[in-house]
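Residues per chain are reported as follows:
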There are 2 protein chains.
Amino acid sequence: MAPRSTQILEAAARLIARRGVRGLRVEELAAEAGVSTGLIYYHFKDRTGILRQTLEFINDRAERYTTVDAAKAEPLAPREELEAVLLLELQDTPVVRENSSAWGELRASAVFDEVLRDDLARATLVWVQEVAALLGQVRPTAPAPALAAAGERLTALLEGLSMRWLSGGLQIDHARDLMRGAINAELALLRN
Amino acid sequence: MAPRSTQILEAAARLIARRGVRGLRVEELAAEAGVSTGLIYYHFKDRTGILRQTLEFINDRAERYTTVDAAKAEPLAPREELEAVLLLELQDTPVVRENSSAWGELRASAVFDEVLRDDLARATLVWVQEVAALLGQVRPTAPAPALAAAGERLTALLEGLSMRWLSGGLQIDHARDLMRGAINAELALLRN
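Residues numbered from 1 in each chain as written. Chains lettered and ligands numbered in written order. Predicted model: local features only at pLDDT ≥ 70, side-chain atom pairs only at ≥ 80, totals over all residues. Heavy atoms only, no water.

Chemist: Can you help me understand the overall build of chain A in this one?
Modeler: The helix and strand inventory of chain A stands at 9 helices and 0 strands. Helices (α) and strands (β) of chain A occur, in sequence order from the N terminus, as α-α-α-α-α-α-α-α-α. Relative to its length of 192 residues, chain A is compact, with a C-alpha radius of gyration of 18 Å against a globular reference of 16 Å. Projected onto its principal axes, the C-alpha positions of chain A cover 60 × 35 × 30 Å. Pairs at least 24 apart in sequence give 68% of the contacts found in chain A among residues at least 6 apart. Of the accessible surface of chain A, which amounts to about 8900 Å², a share of 52% is contributed by carbon and sulfur atoms. The average position of the 23 basic charges and that of the 27 acidic charges among the side chains of chain A differ by 3 Å. (Helix = DSSP H or I, 4+ residues; strand = E, 2+ residues; numbered from the N terminus. Rg over C-alpha atoms; globule rule 2.2 N^0.38 Å. Contact = heavy atoms within 4.5 Å. Areas by Shrake-Rupley, 256 points an atom, 1.4 Å probe, with all protein chains shown as cover. Lys, Arg positive; Asp, Glu negative; His and termini not counted. Charge placed at Lys NZ, Arg CZ, Asp CG, Glu CD.)

What follows is the structure, encoded as structure tokens:
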């Protein structure tokens with residue numbers, strides 16, 4: 001992707017995380033990105049185009065910060081990799097906070113506005129299947145639907161815990177402890 | 001509470017569920033409730049007063065539709081009561097849909113706006129402790145912190161699943177199956 005588009009999407013993620021998706025206006029985005037509104041329309045066509053590309057952008061970014069760096073150390077055991085992938089979404093860093101706020105806001109906006117629903121469903125499914133695959137490495141004899149259901153629950157719980165954390169009702173360390181507990185509970189269920 | 005205040009709060013919940021909290025304007029609320037803006041300011045002082053009272057209103061309403069009617073039938077076993085209380089939040093009825101949309105929206109708005117954070121934290125804690133108490137009736141020998149953590153997870157998962165359902169990414173029957181699975185997983189963990 002051209003650097004200019006990336007610059008615009010970075011600005012869009014920042015604005016959505018700061019004030020929400022419903023207040024996002026193209027003029028404001030242009031100012032935040034330091035480009036003209038014309039350039040934004042050239043790259044993204046309309047507001048829907050901006051939102052869809054921003055969703056993809058924050059997913060790609062999450063993919064990067066949750067990917068365990070294989071070059072850095074010894075490969076992780078399947079169980080550790082599963083924990084790492086989920087817990088890396090619960091870090092109090094500017095990029096995770098911004099990304100999770102923007103994701104939660106895009107999800108919340110889809111309650112009122114149908115335009116992002118398919119993209120959100122697709123992105124969620126990819127995420128669920130990624131977690132189900134990691135669960136399957138830990139419990140290779142578990143049935144695939146049980147792995148998928150556990151993946152759905154762990155990712156939905158992560159969204160719920162993130163929203164509580166971001167809205168000031170849950171400390172990040174406690175959110176991480178709760179997530180570890182859920183992983184234990186799901187893995188125990190998959191052993192039966 | 002006076003009927004007029006209730007009428008205003010019903011209208012506020014309806015508007016928030018329909019278009020979100022950030023677009024809520026007092027003039028619009030007055031029109032929806034069929035009262036004057038003066039009456040709204042008289043009862044709720046300002047926009048923050050409206051939002052705080054609406055949060056309480058939707059919590060009271062959820063309390064009513066999740067309370068298992070003891071007069072109606074034989075008392076439920078603890079395990080059944082726990083399931084009922086959680087699954088009654090996942091019903092495709094107008095009131096549950098409206099209430100859950102408004103709750104999710106108030107939670108999402110607290111990411112950007114601090115004004116509701118304490119009220120949300122308080123309401124969440126009451127809910128977590130209610131679920132922890134029901135879990136304790138099923139598993140009376142489990143340690144209290146383990147029951148509380150399970151209550152936090154089950155309620156956070158419910159919020160996550162509700163948002164997926166309301167944003168069109170999850171069918172309600174499947175959401176209920178996932179919730180039942182989580183209850184099984186947590187109860188198995190609490191037996192150990």
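Chemist: In this structure, what is going on with the packing of helix H1 (residues 3–19) of chain A against helix H2 (residues 26–33) of chain A? I would like to understand it.
Modeler: The packing of two helices is summarised by the inter-axis angle and the distance between the axes. Residue and element names in this part refer to chain A. Two numbers describe how H1 lies on H2: the axes approach to 9 Å, and their chain directions differ by 115°. Considering the relative orientation of H1 and H2, their crossing is right-handed. Packed against H1, whose contacting residues are Gln7, Ile8, Ala11, Ala12, Arg14, Leu15, Arg18 and Arg19, the element H2 presents Glu28, Leu29, Glu32 and Ala33 at the interface. Here the contact of H1 with H2 is composed, by residue class, of 6 nonpolar, 1 polar and 5 charged. (Axes fitted to C-alpha atoms, helices over the stretch in contact; angles between N-to-C directions. Left-handed = near helix turned anticlockwise from the far one by under 90°. Nonpolar A, V, L, I, M, F, W, Y, C, P; charged D, E, K, R; others polar.)

Chemist: Would you take a moment to explain the interface of chain A and chain B for this structure?
Modeler: How big an interface is tends to be reported as the loss of accessible area on association of its parts. Listed per partner, the contact involves 40 residues of chain A and 40 residues of chain B. Taken over both partners, the interface formed by chain A and chain B buries close to 3200 Å², and the fraction arising from carbon and sulfur atoms is 64%. Among the residues of chain A in contact with chain B, Phe112(A), Arg153(A) and Arg164(A) are the three that bury the most area, contributing 21% of the side total. Where chain A touches chain B, the interface holds 4 salt bridges. Here Arg164(B) and Glu159(A) are joined by a salt bridge, their closest N and O atoms 3.0 Å apart. Counting across the chain A and chain B interface gives 14 residue pairs in polar contact (both at pLDDT 80 or more). Where the side of chain A that touches chain B is concerned, the elements lending two or more residues are H1, helix H6 (94–109), helix H7 (117–138), helix H8 (144–166) and helix H9 (172–191) of chain A. (Buried area = accessible area lost by both parts, 1.4 Å probe. Salt bridge = Lys/Arg side-chain N within 4 Å of Asp/Glu carboxyl O. Polar contact = N/O pair within 3.5 Å; in protein donor to acceptor, adjacent residues only side chain to side chain.)

Chemist: Would you mind going over the relation of the copies chain A and chain B with me for this structure?
Modeler: Superposition of the two copies of the chain requires a rotation about an axis and a shift along the axis. Take chain A, turn it by 180°, move it 0.0 Å along the axis, and it overlays chain B with an RMSD of 0.0 Å. Taken together, the rotation and translation relating the two chain copies correspond to the operation of a two-fold axis. Of the residues that chain A buries at the interface, 100% are likewise interface residues in chain B, meaning the two copies contact each other through the same surface. (Least-squares fit on C-alpha atoms with pLDDT ≥ 70 in both.)

Chemist: Where do I start with unusual backbone geometry in this structure?
Modeler: A negative phi angle characterises most non-glycine residues, just as the trans form characterises most peptide bonds. At Lys45(A), a position not held by glycine, the phi torsion is positive, near 70°. With respect to the helices and strands, Lys45(A) occurs in the loop between helix H3 (37–44) and helix H4 (47–66).

Chemist: I would appreciate a short explanation of the nonpolar core in the present structure.
Modeler: In summary, soluble globular proteins display a tendency toward joint burial of nonpolar side chains. Membership of the largest hydrophobic core comes to 68 residues, with the highest contact counts inside it found for Leu82(A), Leu135(A), Met179(A), Leu82(B), Leu135(B) and Met179(B). Listed by contribution, the elements that provide at least two residues to this core are helix H5 (78–87), H7, H8 and H9 of chain A together with helix H5 (78–87), helix H7 (117–138), helix H8 (144–166) and helix H9 (172–191) of chain B. Every residue in contact with Leu135(B), bar those within four places of it in the chain, is listed here: Leu82(B), Leu147(B), Ala150(B), Gly151(B), Leu154(B), Leu187(B) and Leu190(B). Of all hydrophobic cores here, the second largest spans 30 residues; its members include Val35(A), Phe44(A), Ile50(A) and Leu51(A). (Core = buried A, V, L, I, M, F, W, Y, C linked by side-chain atoms within 4.5 Å. Buried < 20%, exposed > 50% of the residue type's maximum accessible area, 1.4 Å probe, protein only.)

Chemist: Got a minute to help me understand the pattern of salt bridges in this structure?
Modeler: Two side chains that carry opposite charge are able to pair once their charged atoms sit near each other. The final tally for this structure, using the stated rule, is 28 salt bridges over all chains. A salt bridge links Arg61(A) to Glu98(A); the nearest nitrogen and oxygen atoms lie 3.0 Å apart. One end of the pair, Arg61(A), is in helix H4; the other, Glu98(A), is in helix H6, with 37 residues separating them in the sequence. Between Glu83(B) and Arg180(B) there is a salt bridge, with the nearest N and O atoms lying 3.9 Å from each other. Here Glu83(B), found in helix H5, pairs with Arg180(B), found in helix H9; they are 97 residues apart in sequence, far enough to count as distant. Residue classification places Arg180(B) among the partly exposed residues on the basis of a relative accessible area of 28%. When salt bridges that share partners are traced, they join Arg22(A), Glu105(A), Arg22(B) and Glu105(B) into one network.

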